[in-house]
Every structure is written in structure tokens, then in C-alpha cells.
Amino acid sequence: MSESPVHVGFIYHRTLSEEQHAVLEWLSARRYEVETVPVSEDDFSGYDLLWWHRDDPVSDVSPATPDADAIQQFVADGGGLLLTLRGMAMVEPLGIDSVGPDAVGEQSVGEPAGVLWRSLYDDHPAVSDFDTLRIPLYEHGTAPYARYEDVLPAEGEVLASTVRSGVDVLDEMPVVSWQVGDGTVLGVGAPLAFQQAVGDHVEAHRSTFFEGLLDALSGDAGPSSHYGRPKDAEDFAAIRASLADDPCRPRYHLTAPANWLNDPNGLIEWNGRYHVFYQYNPAGPFHHAIHWGHAVSDDLVHWEDRPVALTPSPDGPDRDGCWSGCAIDDDGTATLLYTGGRDRKQLPCLATTDDPTLDSWTKHADNPIIEETPTDIDVLETEHWQAEFRDHNVWRDDDQWYQIIGTGIEDVGGAALLYTSEDLRNWDYVGPLLVGSWDESGQVWECPELLDLGEKQLLHVSNYEEVNYFIGEFDGERFAAESTDRLDHGDYYAPQSLDDGDRYVTWGWLPEARNPESQWDAGWSGALSMPRVVSLGDDGRLRQRPADEVEELRAETLVADEQVALDAGERQSLDASGRALELELEVKLEDAEAFELVVFESPDGDERTPIRYTAGNELVVERGESSLDQSVVAEPQRIRVTPYDEPLTLRVFLDGSIVELFANERHCLTSRVYPTREDSTGVSLWSDDGRTTVSSLSVWRLESAWKAEAGQKQSPTPSQSD
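Residues numbered from 1 in each chain as written. Predicted model: local features only at pLDDT ≥ 70, side-chain atom pairs only at ≥ 80, totals over all residues. Heavy atoms only, no water.

*Asks:* Pulling in residues and values, what's your account of the packing of aromatic side chains?
*Replies:* For the structure shown, the criterion picks out 27 aromatic pairs. Pairing W323 with W385 gives two aromatic rings, centres 6.3 Å apart and planes at 85°, and the pair type is edge-to-face. In this pair, W323 sits in strand β17 (residues 322-330) while W385 sits in the loop between β20 (362-363) and β21 (389-397), placing the two residues 62 residues apart along the sequence. This pair shows no difference in class: W323 is buried, exactly as W385 is. Plain terms: the ring middles of W395 and Y402 are 5.5 Å apart, the flat faces sit at 10° to each other, and that makes the pair stacked. Accessibility expressed as a relative area gives 11% for Y402, which makes it buried. (Phe/Tyr/Trp six-rings, centres within 6.5 Å; stacked < 30°, edge-to-face > 60°. Helix = DSSP H or I, 4+ residues; strand = E, 2+ residues; numbered from the N terminus. Buried < 20%, exposed > 50% of the residue type's maximum accessible area, 1.4 Å probe, protein only.)

Structure (C-alpha cells):
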């Protein structure tokens, strides 16, 4: 704290309202020296910070007026600016952000409401004295507000969403931080009223919260630059470091720096480097306002964070999200095709770049490149979308481009629609590539992908619940399916593949199996699977195995090719433990009813996740005792492994909250489990009602996939805002 009072310039426009007088009284009763100053003032240099608390609309302040220039200069020179209530709506006319709050008005509140702070920034002076992320600021009545809902700020970093009546309202975002030159702007548009009497509890929270905001802006709380939007490798490393102590956070599976991740997108090898883009919400760990995140690798397993690649354009067809798509090489030009969402429409869009790092992209001026859905089929309409029509897989054959798009047909089922083009910009509709059954394969097919595996082709689709695949033949217009199955029998969705010359490498999204509140408190959500190589075996069946490169993650051998013979009822604990392990074993049930590999086990067995292989040729991940947290999903997940797969060869990847299984390079099952205890790291073997032979067993500790954590050299990251 500074010894002298903080000098606050309290901005007003024309006259002071009763609410503003109440704020002045609150300031004067504390250690602040406050002076009212008109917004038209042309020099604010005498103040430590400025506060514009506006409860009435202001419509006649434009960026061209001297007051906007003076405020910008004050902040750029290192000053702090606090914008509250409708004052937050002034960020656009003041030139602070090109995208202002899209929801501004008055709101009636009947029960306590306030801010839902992001755990990523729980050290911010506004909340550092609280032991909760849910801070009530208002009890009841009608109050002004300004917040982001459908869009996000172009330059600012969202610090908080909303909590109302004890319920997290994630898509109402009333607190944002901006870095302008050497200074900071904080916007707090949550409904509140200093002139209204509230209970002691809420009043204490409100006072502590606002004193923390003022301390941050005046410099009394130290520098606040790390509360701005991350821009470079140092920022990303700091974010990852802040989450590193979370034992459920994956270390070697590909994750976003923080916040929300879902579908892998735009997988491509470019200039000798692997690029993975993914669906990303920079505003927090929830599905909303989707951007494209970006990671890059030299070896397929060690990754670096890059700035966000695609951002919704407030005036474009992707205003409400840059949804899933793919990356292609158009004769030397890197090109993205993705789904743009706006209002209730979702249509294909295109972006290109000549940036060799693939960090920055230019959207096609005539987006969307397909302006309407086919008229000869009854494309499904839902409450969210005028037509379920999204996600793109594009490839070239001879001189023609092909594209398939996922959809649903009313009263029929999911479908993949085929288009052709000569230039990627003008597309002709061919017809349905394949149509499924509503009851058997789902009402909508998302993220369709067609892969040429030689003699046969593989088409996989995601239907909200699972990933179905079909093996068959594509004749240039239609796909004739000969067999079908699930690509993964667990928590796995929306896979996409990278053509690596002589193989396909596939990643899928591993969604969380815990409630949104837990995801918010953790500060992150979602991971991608291990890179998998998909191919056809000599028997014509699909094979999936981890890419060979994953062996480079092996940092330490804990068990080396041991043999274990278990009698009936015998349990053996391994001299290996941890939350980031790879296990490889070959198991034969001699006369046992089942064999269990138990992972994430506490010494007393209160938490344990058995992977059970039965004489009935079933592989089951039992999650009933995997966590003491009763809010997580506890249902078992299972997969049938056919009899001639005996003996069973298992590769098991354990990573924080991930259990990813490969059985005989044919079957995959991925589970999410959330042990709560620090000592839930043990591994043991058990034979049920008979003898089991483990003819080979190896265990490795795996290192982090992130170069900054694994001690590897990082490539320089351009100073570019995401």
C-alpha cells in the first residue's frame, strides 16, 4: 500500500446521479482522495486512476472527441481506468476495444447475484482475499448492466462470468481487463447499486472487491500485466504453470493452455512442422464463442502454444463462432475451410495465409462460400440452427476438390453430403454420400471424415454420443458401407486425421466427465487423444495404434519386460506409480474368470480404477470407486474383444484424469476419471477366481508434451495478440 491516499478522478457526464453520489460517499469514507472530473476534461495526468461509474445511458461520446483522446493517453501512459455499470459499454467509443459489450440494459435481480471469477486469475487483487470464486455484489432490485454474451472483446481478457441465485451463468461475462500501452482498463458491468442498502455479507464482499479493483489500477497491488490477453510463449508458459499443480490436468496429452478445448481441427504438416488447431473458448472453460486455438510440433508429441488462429468477426458470417473444419494445401497456399455460425445459420467459410508459421489468417471476402443448404432433401432444423449443416472434410483427386459436410435429414437420420469444386470457392452439390438411420446411428452426423485406406475406404461420423465408422467403397459419388463399428468405446468424440504421407494420424476430443462447476473451478476443460495411426489389417478389419513417436515421451523405465504369474485371488502391487504413465502388457487368462489392472489406486483402496478383462472377452473400465467426488460420472465403460484376440495385448496411457486403452491394436476405450487424493497413484494386478499369466509387463513414466515443461528449446513466438 502507498502511504499517501490514492487520488481518484471520478468521471461524470453533464450531472452526477444519485448512484454516483453514493459511490463518492463510499470512496470518501475510505482511504481515497476523490475529485469529480467531467468526461470532457483534456488532461487527467494529476490522478492515480480514473473511475467512470455510469448508471444512465450515454450516447453522445464518440472516439473523435478530445475526452476520448485524453483518457486513452492517460491509460497509455500507465494510468488505470475503471468502467462500471454502463460505463463498461464505453470501451468502444473510447477506442479501448473495437468490440464493445453486446448486452447493455437494466436487469431485475430477486436473489443475490455477482461475479463468477475465473480460477486462472484467482490471484487478482479484486478476489485474492476471498476463498471463493463466486462473489455476491447485489441482492435485489433493478440495476443497469453491460456485459459480453454472444461475442467476446477483440482485445480484452475476460476475468469473470456471472453467478445468480447460486447458479453459474457462464455465458454472461461482465468483467474484462484490457492492457492499453503501459496502463490497464478494468470493466465491471455486473448489476449493482451503491445507493441501495444490502446485507452486511454482500456489502463486505462488494467493498473488498472494489477496493481490490482500485488497488490493482492504482499500482498499490503491484503490476497487473499478467491479467491481460496472452500474446507470446512467456504468457502461455505462465498460464500452464498456474495449472501445473492440478493432478487431474493431463501432462502429455495435447491440451489448450487453459479454458475450453473441443474438436481437433485443421490438422496439417506444413514446412516440416505439425500443426493442430482446435475448437477453443478463450473466455473460460465452457463451450461458447468458439475460436481456433493452435499448437505446433516438430515431432508429433512435444508441443508449443501459438496465438489464436481464427477469431469470430463481429460483422461476419462467423460472428457466433468459428466452428469445426479442416486445413488443406492449395498448390502451396495453406487454406482452412470451417463452419461460420451467425444467428441461426451455419455455413462454410474459407481462410488462407501466406504466413509460414500459420499464425495469422485472412478470411475470404465472399464468405460464406456455400450460401444455402441443399433443397432436394429436408435438412433437419433444431432450436439452435435453422439447418444442421456443418464441419468439413476436403480432399483433392486429380483436378477436382471434394468436400463432405455433416448434417441430419428430418425423420431419417444423420448424413454426410458431398460437394465438388475446381477452386475451393465455388461448390456444386452432388448429393448424400451416405445416409444413416435415426435410431441406429443418430439424428445428426458431425465431423464426417473419409479416409482412403487402400483397398477400402473408412468413413467416420460423430452423432453427439459416439463415433461410428463404416468400412466400404467410395465410387466418386456415393459410399457403399460394408461393415460398421465404434471408433472408441469411451469418452472420445469428433476425431480428425492428418495425412502424413504414408499414414493417417488421428486425434479425437476427450470431453470431461464431471460437471460444469468443477470444470470452471479447475480453469480448464478438454484434451485431445494420443495421436493414433489408423489402417486396415490383413483381415480387412480396422486397426488403431499409438503413433510410434509417442515412445519419445518415455522419460524413465519403471518396470522392464517382467513376467508375472498370478494365482486365484492373488493381488500384486507394482513397483511403479504415478499419474503420467504408459503400461504395456500381454495377458492370458489361464482359468481365471477375470484379470484386473488397477490404476490410480490409493494405499487404502478408497480410490481405485480397475481395468477388468473377463473370460467373456469383455474389457471394462470400472469407475464406481475411481473418485471420492460424487459429482463425477461413475458408470463403467466397456468394449467387447473377440475371442481370437486372446492373449490380450494392452497399451494403457494414464495421464492425470485420462485412461486411454489400446487392445491388440484393434479396439480403443478412453475414460475420464478424477481421483481426489494425492496418493491415488498406485498400480496393482489381480486375478479373479483362477490363474492369470502376464507374459510381459513394462511401465514407463512419461514426460510433459509441452516444451517449456519438458525442458526443451522453444521456437520464438511472434508478439501477436490472440
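*Asks:* Account for the pairing of strand β25 (residues 446-452), with residues named and values stated.
*Replies:* The element β25 is largely enclosed, with a buried count of six among its seven residues. For β25 and strand β26 (residues 457-462), the ladder comprises five bridges, and the chain directions are antiparallel. Bridging across to β26, L450 finds its partner in L459. Taking the residues that link successive antiparallel strands as the turn, the β25-β26 hairpin has four residues, and the phi of G454 there is positive, at about 105°. (Pairing = 2+ DSSP bridges.)

*Asks:* Can you lay out the sheet that holds strand β22 (residues 400-409) for me, pointing to particular residues and giving the numbers?
*Replies:* The sheet built from four strands is open, its strands ordered β21-β22-β23-β24 with antiparallel pairing. Bordering the open sheet on either side are β21 and β24 (427-435), each of which pairs with just one other strand. Shown here is a sheet whose adjacent strand axes are inclined to one another by a mean of 25°, direction ignored. (Axes fitted to C-alpha atoms, helices over the stretch in contact; angles between N-to-C directions.)

*Asks:* Describe in detail a negative patch on the surface, supporting the description with residues and values.
*Replies:* Among the surface-exposed residues, D397, D398, D399, E422, D423, D428 and D452 lie close enough to one another that they form a single negatively charged patch. Inspection of the secondary structure assignment puts D428 in strand β24. (Patch = residues over 30% accessible without salt bridge, like charges linked within 9 Å, V, L, I, M, F, W, Y side chains within 5 Å. Areas by Shrake-Rupley, 256 points an atom, 1.4 Å probe, with all protein chains shown as cover. Salt bridge = Lys/Arg side-chain N within 4 Å of Asp/Glu carboxyl O. Lys, Arg positive; Asp, Glu negative; His and termini not counted. Charge placed at Lys NZ, Arg CZ, Asp CG, Glu CD.)

*Asks:* Pulling in residues and values, what's your account of the layout of surface pockets?
*Replies:* Taken as a whole, the largest pocket encloses approximately 1000 Å³ of empty space. As for the largest pocket, its lining consists of 37 residues, and the residues nearest its centre are H287, W323, W385, R390 and E446. The biggest single contributor to the lining of the largest pocket is strand β13 (residues 259-270), with three residues. A class-by-class count of the residues in the lining of the largest pocket yields twelve nonpolar, ten polar and 15 charged. Its volume calculated, the second largest pocket comes out at about 840 Å³. What lines the second largest pocket is a set of 37 residues, and nearest its centre among them are N393, V394, W395, D499 and Y504. Elements with a contribution of two residues or more to the lining of the second largest pocket: β13, β17, β21, β22, β25 and β29 (493-499). No other element matches β21, which puts seven residues into the lining of the second largest pocket. Per-class residue counts for the lining of the second largest pocket are 20 nonpolar, nine polar and eight charged. (1 Å grid on protein atoms, 1.4 Å probe; cavity = no way out; pocket = protein on both sides within 12 Å on 5 of 7 lines; lining within 4 Å. Points joined across faces, edges and corners; volume = space filled by probe spheres on them. Nonpolar A, V, L, I, M, F, W, Y, C, P; charged D, E, K, R; others polar.)

*Asks:* Can you explain the pattern of salt bridges? Please cite residues and give values.
*Replies:* Using the criterion set out here, one finds 47 salt bridges in the structure. Between R342 and D343 there is a salt bridge; the shortest N-O distance is 4.0 Å. When its relative accessible area of 28% is taken as the criterion, R342 is described as partly exposed. Among the ionic contacts, a cluster of salt bridges with common partners joins R273, D298, E304, R306 and D359.

*Asks:* I'd like a rundown of the sheet that holds β26, residues and numbers included.
*Replies:* Across a sheet, paired strands are connected by hydrogen bonds in the backbone, their directions being either parallel or antiparallel. Ordered by their spatial adjacency, four strands build an open sheet running β25-β26-β27-β28, and the pairing between neighbours is antiparallel. Bordering the open sheet on either side are β25 and β28 (479-486), each of which pairs with just one other strand. Mean inter-strand twist for the sheet, computed between neighbouring axes without regard to direction, equals 25°.

*Asks:* Describe helix α4 (residues 233-243), naming the residues involved and giving the relevant values.
*Replies:* Those residues of α4 lying buried are A233, F236, I239, R240 and L243. In a view along the axis of α4, the buried residues occupy a sector of 125°, so they form one face of it. Across α4 from its buried face, at more than 90 degrees, point the exposed residues E234 and A241. (Arc of directions from axis to C-beta.)

*Asks:* Please set out the environment of P432 residue by residue, giving values where relevant.
*Replies:* In this fold, P432 is placed in strand β24. For the pair P432 and I404, spaced 28 residues apart in sequence, the C-alpha separation works out to 8.9 Å.

*Asks:* Report on the environment of P136, specifying residues and quantitative values.
*Replies:* Topologically, P136 is positioned in strand β7 (residues 134-138). By relative accessible area, which is 13% here, P136 ends up buried. Placed 33 residues apart in sequence, P136 and A103 show a C-alpha to C-alpha distance of 20 Å. Filtering out sequence-adjacent residues up to four positions away, P136 remains in contact with P112, A113, G114, H201, V202, H205 and R206. (Contact = heavy atoms within 4.5 Å.)

*Asks:* Can you explain unusual backbone geometry? Please cite residues and give values.
*Replies:* Omega for the peptide link from N367 to P368 comes to 0°, which places this bond in the cis form. Mapped onto the elements of the fold, P368 is located in the loop between β20 and β21. Its identity is not glycine, yet A289 carries a phi of approximately 45°, on the positive side. One can find A289 in the loop between β14 (273-281) and β15 (291-297). Even without a glycine there, the phi angle at E665 is positive, about 55°. Topologically, E665 is positioned in the loop between β43 (658-663) and β44 (667-672). Under the relative-accessibility criterion, E665 is labelled partly exposed at 35%.

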